[in-house]
Amino acid sequence: MELLESVLSHVSLFQGLRPDELGHVASRFSVIRLQKGDERSFSASTTEARLMVVIEGELDLAVDTTAGALRSHLEVGDRAGDVALLTGKRHPWKILATEASAIATLDAPGLDALLEKYPAIALPMASEMAKELGNMNDLLRQLVELHAEDLSPDQLEAAVDDR
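Residues numbered from 1 in each chain as written. Predicted model: local features only at pLDDT ≥ 70, side-chain atom pairs only at ≥ 80, totals over all residues. Heavy atoms only, no water.

**Examining the overall build of the protein chain**
A tally of regular secondary structure across the protein chain gives six helices and eight strands. Written out in order from the N terminus, the α and β elements of the protein chain read α-α-β-β-β-β-β-β-α-β-β-α-α-α. Each of the three principal axes of the protein chain carries a C-alpha extent, and together these read 60 × 35 × 25 Å. Counting across all 163 residues of the protein chain, residues that qualify as buried make up 32%. Sequence separation of at least 24 residues holds for 72% of the intrachain contacts in the protein chain that already meet a minimum separation of 6. When the accessible surface of the protein chain is split by element, carbon and sulfur atoms take 52% of a total near 9,700 Å². Here the protein chain holds 15 positive side-chain charges and 28 negative ones, and the gap between their average locations is 6 Å. (Helix = DSSP H or I, 4+ residues; strand = E, 2+ residues; numbered from the N terminus. Buried < 20%, exposed > 50% of the residue type's maximum accessible area, 1.4 Å probe, protein only. Contact = heavy atoms within 4.5 Å. Areas by Shrake-Rupley, 256 points an atom, 1.4 Å probe, with all protein chains shown as cover. Lys, Arg positive; Asp, Glu negative; His and termini not counted. Charge placed at Lys NZ, Arg CZ, Asp CG, Glu CD.)

Written as structure tokens, this is what we have:
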């Protein structure tokens, strides 16, 4: 539990909490240990939606979206799934341990309980979601501008790669 509390203290959502509050937050998480090569899948269902924080090791993350798979490499302190819990826009995802690892997960009722008890958690969540929405809006604007330039498919692909 000490390791989990230490990692959570550096996750932006929980940085403003006191040590005793972090202890309560940590108690709501479930810890899952993974060996190198272990894979864990999470469906898009409400019951499997989770906030996941890497507390030890490294993982590869793959999120299946309508636009294709989004991939990322996660290290200690990285997280995934919080936006899906808040927005209800869930996609199936899976993780692959690239070394012995541990993750901590929190389900929707757990997050709701923490938000009720510690509303300060909502501030960094809202800020980060707003920033991500702004980035996505900027990307979409750039794509619309590129399409308006009437580029050939090869030119369009090259221009997207450049950005």
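Back to the text.
**Topic: the pattern of salt bridges**
Counting across every chain of the model gives four salt bridges. Linked by salt bridges that have partners in common, Arg 18, Asp 20 and Glu 21 make up one network. (Salt bridge = Lys/Arg side-chain N within 4 Å of Asp/Glu carboxyl O.)

**A look at the sheet that holds strand β5 (residues 68–74)**
As summarised here, the arrangement of the four strands in space is β2-β7-β4-β5, forming an open sheet in which the pairing is antiparallel. Pairing within the sheet leaves two strands with one partner each, and these edge strands are β2 (39–42) and β5. Within the sheet, the average angular offset between the axes of one strand and its neighbour, ignoring direction, is 15 degrees. As paired strands, strand β4 (residues 59–65) and β5 are joined by seven bridges and run antiparallel to one another. Each bridged residue has a counterpart across the sheet, and for Asp 60 the counterpart in β5 is His 73. (Pairing = 2+ DSSP bridges. Axes fitted to C-alpha atoms, helices over the stretch in contact; angles between N-to-C directions.)

**Focus: the sheet that holds strand β6 (residues 79–80)**
With antiparallel pairing, four strands are arranged side by side in an open sheet as β1-β8-β3-β6. What marks the edges here is a single partner per strand, and that holds for β1 (30–34) and β6. Direction of pairing for strand β3 (residues 50–56) relative to strand β8 (residues 101–107): antiparallel, over a ladder of six bridges. What sits directly across from Glu 56, in β8, is Ala 102.

Just geometry here; none of it tells us what the structure is for.
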